[in-house]
Amino acid sequence: DTALGARLKDTRTVLRYLSRRADLDPKRVGLWGDSFAGVNPRGLLLDQSLDQQPGPQALQQAQPLGSLLALLAALYEDDVRAVAVRRGLVSYLAVLRDRFCYVPLDVIVPGILESADIVDVIVALSPRAVLLEGFVDGRNRSLSTSELEEELRAALAAFRGAPSRLVIREQAAQPELANWMAGQVSP
């Protein structure tokens, strides 16, 4: 009964509808979840709540809904061949690491960490193709490649047998992402 759960149900309904269309191949589905929200700088001068009067730096709130929907829909839909996500939240645990977080409440799933985190969803998608670009932490700051690899080490281990199926990039690369997706869903 969460906003994310309702959107996931809608996404799965659309995928079911598309799978019945004669002009589409349901075995060649790729999901792309994205965010166009800006990120906060690594060296924030002053953290603040988003409803406070603005401080010396404008703070941006993360918008990881698209990435979460793509990952979760692929988790539940076995016919999804590839998932590309950009500017997603690296983990729910990252939201708890600081007293300030810049993540909207509509993507929070109460009690999720009792069962799993985002990396566990990625692990469950192995050996399907997964592309992760420009992930952010709970303060909506970009993570370096080494930070991403540390956060996602369980996923790297799960894809060890097929390392080309998991691509992790620090920065978003628009044309390469589209080319990667086309390559994954082509016959």
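Located above this text is the structure these notes cover.
Report follows, based on the coordinates. (Residues numbered from 1 in each chain as written. Predicted model: local features only at pLDDT ≥ 70, side-chain atom pairs only at ≥ 80, totals over all residues. Heavy atoms only, no water.)

1. Focus on the sheet that holds strand β3 (residues 129-133)
Strand-to-strand pairing in sheets goes through backbone hydrogen bonds, with the strands running parallel or antiparallel. Strand order in the open sheet formed by four strands is β1-β2-β3-β4, with parallel pairing between adjacent strands. In this open sheet, the two edge strands, each paired with only one partner strand, are β1 (29-33) and β4 (166-169). Adjacent strand axes in the sheet meet at a mean angle of 5° when their direction is disregarded. Where strand β2 (residues 80-86) meets β3, five bridges bridge the pair, whose relative direction is parallel. Its bridge partner being in β3, Ala 82 is matched across the sheet by Ala 129. Of the strands in this sheet, β1 and β2 touch helix α2 (residues 65-76), which is tilted by about 160° from β2. (Pairing = 2+ DSSP bridges. Helix = DSSP H or I, 4+ residues; strand = E, 2+ residues; numbered from the N terminus. Axes fitted to C-alpha atoms, helices over the stretch in contact; angles between N-to-C directions. Contact = heavy atoms within 4.5 Å.)

2. Comments concerning the pairing of β3
Burial analysis of β3 places five of its five residues in the buried class, the great majority of the element. Going residue by residue along β3, you find Ala 129, Leu 131 and Glu 133 tucked away on one face and Val 130 and Leu 132 tucked away on the opposite face as well. Regarding topology, helix α3 (residues 118-125) serves as the crossover connection from β2 to the parallel β3, and that connection is right-handed. Sheet analysis places β3 next to β4, joined by four bridges and oriented parallel. (Buried < 20%, exposed > 50% of the residue type's maximum accessible area, 1.4 Å probe, protein only. Right-handed = clockwise from strand over helix to strand, strands pointing away.)

3. Things to note about the nonpolar core
The tendency in soluble globular proteins is for nonpolar side chains to be buried as a group. Ranked by size, the top nonpolar core spans 37 residues in total, and within it Leu 71, Val 83, Ile 122, Leu 132, Leu 152 and Leu 166 carry the most contacts. Put simply, the parts of the chain that give this core at least two residues each are α1 (3-19), α2, β2, α3, β3 and β4. It is α2 that contributes the most residues to this core, eight residues altogether. Leaving out residues up to four positions away in the same chain, Leu 132 has contacts with Val 85, Ile 122, Leu 152, Leu 166, Val 167, Ile 168 and Arg 169. Of all hydrophobic cores here, the second largest spans nine residues; its members include Leu 131, Val 167, Leu 177 and Val 185. (Core = buried A, V, L, I, M, F, W, Y, C linked by side-chain atoms within 4.5 Å.)

4. Some remarks on the packing of α1 against α2
Any two packed helices are characterised by how steeply their axes cross, that is the angle between the axes, and by the distance between the axes. Contact geometry for α1 and α2: axes closest at 10 Å, N-to-C directions at 55°. Between α1 and α2, the interaxial angle falls into the category oblique. As α1 packs across α2, the resulting crossing turns out to be right-handed. In this structure, α1 contributes Leu 4, Arg 7, Leu 8, Thr 11, Arg 12 and Leu 15 to the contact, and α2 contributes Leu 65, Leu 68, Leu 69, Leu 72, Ala 73 and Tyr 76. Class assignment for the residues of the contact of α1 with α2 results in nine nonpolar, one polar and two charged. (Parallel < 35°, antiparallel > 145°, perpendicular 65-115°, else oblique. Left-handed = near helix turned anticlockwise from the far one by under 90°. Nonpolar A, V, L, I, M, F, W, Y, C, P; charged D, E, K, R; others polar.)

5. Digging into α3
Of the residues making up α3, those classed as buried are Ile 118, Val 119, Val 121, Ile 122 and Leu 125. Down the axis of α3, the buried set is contained in an arc of 155°. They therefore lie on one face. Looking at the buried side of α3, the elements it contacts are α2, β2, β3, α4 (145-151), α5 (153-158) and β4. (Arc of directions from axis to C-beta.)

6. Some words on the environment of Gly 138
Considering the arrangement of structural elements, one finds Gly 138 in the loop between β3 and α4. The exposure class assigned to Gly 138 is buried, which follows from its relative accessible area of 1%. In contact with Gly 138, other than residues within four places in its own chain, are Leu 89, Ala 94, Val 95, Cys 101, Tyr 102 and Val 103.

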